[in-house]
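Results of the structural survey
Listed here are the chains, written in short residue letters.
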Amino acid sequence: MNSTLTPQDIIDQADALRPQLSSGFRDEMVKSLYAEVERITQRAVQVGSQKKYDLDQRIDRLVTSPIFGLPLMLLLLAGVFWVTIVGANAPSALLAKGLFFLEDQAAALFTQWGIPWWITGFLWHGVYRGLAWVISVMLPPMAIFFPIFTILEDLGYLPRVAFNLDFLFKRAGAHGKQSLTMAMGFGCNAAGVVATRVIDSPRERLIAILTNNFVPCNGRFPTLIMLATIFVAAAFPPAFASFAAAGAVVGVVLVGVFFTLLVSWGLSKTVLKGEASAFTLELPPYRRPNIGRILYTSFIDRTVFVLWRALLTAAPAGAVIWILANINVGGLSLAQHAADFLNPFGVLLGLDGVILLAYIIAIPANEIVVPTMMMVYMGVGMMTDPPDMNTLRTLLVDGHGWTMLTAVNLMLFSLLHNPCATTIMTIYKETKSYKWTTLSVVITLGLAFLVTFLTATIVRLF
Amino acid sequence: MSKVLSTSPCETCPANARLEQMGLKLEKFDKVVALAGNPNTGKSTLFNALTGLNQHTGNWPGKTVTRAEGGYEFSGVRYKLVDLPGTYSLLSASQDEEVARNFILFGQPDCTVVVTDATALERNLNLVLQVMEITEKVVVAVNLMDEARRKGIQVDVRSLSRDLGVPAIPITARSGEGLQTLLSTISDVITGEIQTHALRVQGTPELQRAISTLSQQIEQIYPGIPNARWLAIRLLDGDARVQEAILNGEIAEMVSSQQRSDVSFSRKMAVEGRQ
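All residue numbers refer to positions counted from 1 along the written sequence of the respective chain. Think of it this way: whatever chain is written first is A, whatever ligand is written first is 1, and the rest follow in order. Confidence filtering applies because this is a predicted model: local features only for residues at pLDDT of at least 70, side-chain atom pairs given and counted only at 80 or more, and all residues used for totals across whole chains, interfaces and linings. The side-chain figures draw on all heavy atoms in the structure; neither hydrogens nor water molecules are used.

Side note on the overall build of chain B
The condition is simple: Helix and strand assignments follow DSSP, with helices taken as H or I runs no shorter than four residues and strands as E runs no shorter than two, numbered in order from the N terminus. Exposed residues in this analysis have more than 50% of their type's maximum accessible area, buried residues have under 20%, and partly exposed residues fall in between, with area computed by a 1.4 Å probe over protein chains only. In this analysis, two residues are considered to be in contact whenever any of their non-hydrogen atoms come within 4.5 Å of each other. In short, Shrake-Rupley with a 1.4 Å probe defines the accessible areas, and a residue's cover is counted only from the protein chains shown.
Counting its regular elements, chain B contains 12 helices and 8 strands. Buried residues in chain B amount to 63% of all 275 residues. For chain B, the proportion of contacts with a sequence separation of at least 24, taken over those separated by at least 6, is 69%. Surface exposure of chain B reaches about 9,900 Å², of which carbon and sulfur atoms provide 50%.

Structure, rendered in structure tokens:
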């Protein structure tokens, strides 16, 4: 036995042996492997009729066709949003009515019991109101959107989307699987960032991580849906309103895809130079979704998860807003001071001071910007009664000078602004780099300011 | 010969109660079983069926990118089940492949179940052969039998078992078909009741010479190492991760811990969640 052999010797020996092998070692190995596999398969597998397979292929030919693929995809997306919008409207209004009725009753009861006004205010008009807003605005759309999305996922539609969008990503110098990670981003951007692990090349993976935030996550969808419903839809005759709203949400998603491609292209031409790498993507057979699994995933994993997270932030946000609104300095509340201070900048972006203040308060989970904004408006006394969805529009327009520009820019801002705290943390965990994490915030926030500023300026010019 | 799809009466009998889903109660377990397989073959569905957990499943390749762990009890033995990311190979090109490979190699599971898609067996067997290069303790679960039946595809698992040298069990994880047989087979492979003789791809004579030269040296340095041949192949391929594992002593640690009968290295790996 040769006792002087060391681990390094083995490596050296391997290096010495490698060049002696003809026609590439890996090729040899792979060739033998495939030959073996083919032999075994031929003996073990018998293929009979292929009826089902044919149907799968026929569907695929349509769904991934170069002509119909993309329009079908957009139509499907619009359909999902439309169902969500139409279905969520009534339950949202009902929930708001019920929850705010409860607030009034509870507050009245507290007063009756002689509990100091500031405890009642803090608990019921602060913390509770925050929770009530988030539940009534976010729960109904999520309870409709998530099961539909999960059905599409279980059916096997997502890889087809990746297939359809591949050519766009290739041109942007990014990886075709990036659209799969984007699809996960629809659910949650943090999950989307983790999903980028399927991308082999570190360069393309970074691009996918940095741009994932441009797909609106499930937390932000209710915001978009609500704005589209009460502003965009209202500009159309009632018969078309819900379609217009769905179209507006699809439009926002398309803007998101546009910025994903633009930023991917920009990154691959500058800091992350390189060519798009080739990859194989398996289109799995369509599978019958498992109902129990879909219900579990969409309600427990998604709806309850997102809602719980939003509530955890909404409660303290409600409390902060109540305090800001009830401490007066020089005749005006702190919230009013802050909103006034931010207002010039907000107006420059086609928004206003209250929206920016809400955005700052809700930074840990910025998907709750709209509920926070409502609370600030109420807190600074711009709305006395918590309104339902239908009167919300009138109140915002008449009471606070909202225009179509405000609504559109708020949608754009909520699409583009920085990732939420959880996603930022996930980006750091995945990249292990402060530089890329910072960049992910700078790019998104910079674009959000730039785009809203540009639209506001252009609209004001005409 | 080709009639292999029938379910034995035992599968529908109440003996099924022998499977107890343990979910995340992982403090105490006796054996570690890894679930490997191509993407989208139903590993997570099988994982959920056995552990009673709700690992998210979805019909697209690449859904599981990290490993999930859960437990089940079968005939009084407690198993820890590790759901690995789906991969087409173990050549370690991307992170998910690395996670899967490192666990099979360094995690030293007591048994590795390779979940395959009955409707695309040819493509799936590549991974089976690669896993069998690393470990002999393999059970092939031929999943999605219901889908294969619908498509008129018949899989002769007996021929498959014979050719591969490891048991192949037809299952439908979604409906629970064949799980009882799978579990008892896993148990038999671990106890040695079933002896496996994993098929090893031979390649050209020239190749075999290079592999045997190198694996002899590896066996000299690490007496008793179970996968010298696989390490030799990886080194010849210039695999940086394996080179690193040899130089930094990871391989030495793996071998020596295997020889210590009282401490199961796999258990330590699994408990610490180290990769």
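A word on the overall build of chain A
From N to C terminus, chain A includes 19 helices and 3 strands. Every one of the 462 residues in chain A was classed for burial, and the buried ones make up 53%. Put simply, 78% of the contacts in chain A that link residues at least 6 apart link residues at least 24 apart. A total accessible area of about 20,600 Å² is found for chain A, and carbon and sulfur atoms account for 70% of it.

Observations concerning the side chain of D60 of chain A
Inspection of the secondary structure puts D60 of chain A in helix α3 (residues 51–63). In this view, D60 of chain A contacts S65, R160, L283 and Y286 of chain A; residues no more than four positions away in its chain are not counted.

Describing the environment of S75 of chain B
Residue and element names in this part refer to chain B. Structurally, S75 is set in the loop between β3 (68–74) and β4 (77–83). The exposure class of S75 is partly exposed, given its relative accessible area of 42%. Between the alpha carbons of S75 and L19 there is a distance of 7.2 Å; along the sequence they are 56 residues apart.

Observations regarding helix α2 (residues 43–51) of chain B
In terms of burial, α2 of chain B is largely enclosed, as 7 of its 9 residues are buried. Following α2 of chain B by one or two positions, G52 of chain B has its phi on the positive side, about 75°.

Some details on the confidence of the model for chain B
Residue and element names in this part refer to chain B. So the rule is basically this: Looking at any residue, its pLDDT shows the predictor's confidence there, from 0 to 100.
A residue-level look at chain B finds 77% of positions with pLDDT of 70 or above and a mean pLDDT of 79. Every residue in residues 11–17 is under pLDDT 50, and counting partners more than four places away or in other chains gives 7 contacts. Confidence over residues 261–275 falls short of pLDDT 50; this stretch has 30 contacts with residues more than four positions distant or in other chains.

A short note on a nonpolar patch on the surface
Residues and elements named next belong to chain A. Our working rule: Two distance rules govern patches: like charges are joined within 9 Å, and nonpolar side chains (Val, Leu, Ile, Met, Phe, Trp, Tyr) within 5 Å, applied only to residues with over 30% relative accessible area and no salt bridge. Put simply, a salt bridge is a Lys or Arg side-chain nitrogen that is within 4 Å of an Asp or Glu carboxyl oxygen.
Taken together, F345, L348, L450, F453, L454, I458, L461 and F462 make up a surface patch of nonpolar side chains, about 850 Å² in accessible area. Going through the elements one at a time, α13 (334–348) and α19 (434–461) are the ones with two or more residues in the nonpolar patch. For the nonpolar patch, the element with the most residues is α19, which contributes 5 residues. Its place among the elements puts F345 in helix α13.

Let's talk about the pairing of strand β2 (residues 31–37) of chain B
Residue and element names in this part refer to chain B. Cut-off, in case you're wondering: For two strands to be treated as a pair, DSSP must find at least two bridges joining them.
The element β2 is largely enclosed, with a buried count of 6 among its 7 residues. Across 5 bridges, the pairing between β2 and strand β5 (residues 111–117) is parallel. Looking across to β5, one finds that G37 is bridged to V115.

A few points about the side chain of T84 of chain A
Residues and elements named next belong to chain A. In this fold, T84 is placed in helix α4 (residues 69–112). Judged by its relative accessible area of 0%, T84 is buried. Ignoring anything within four residues of it in the chain, the contact list for T84 reads P141, I144, F145 and I225.

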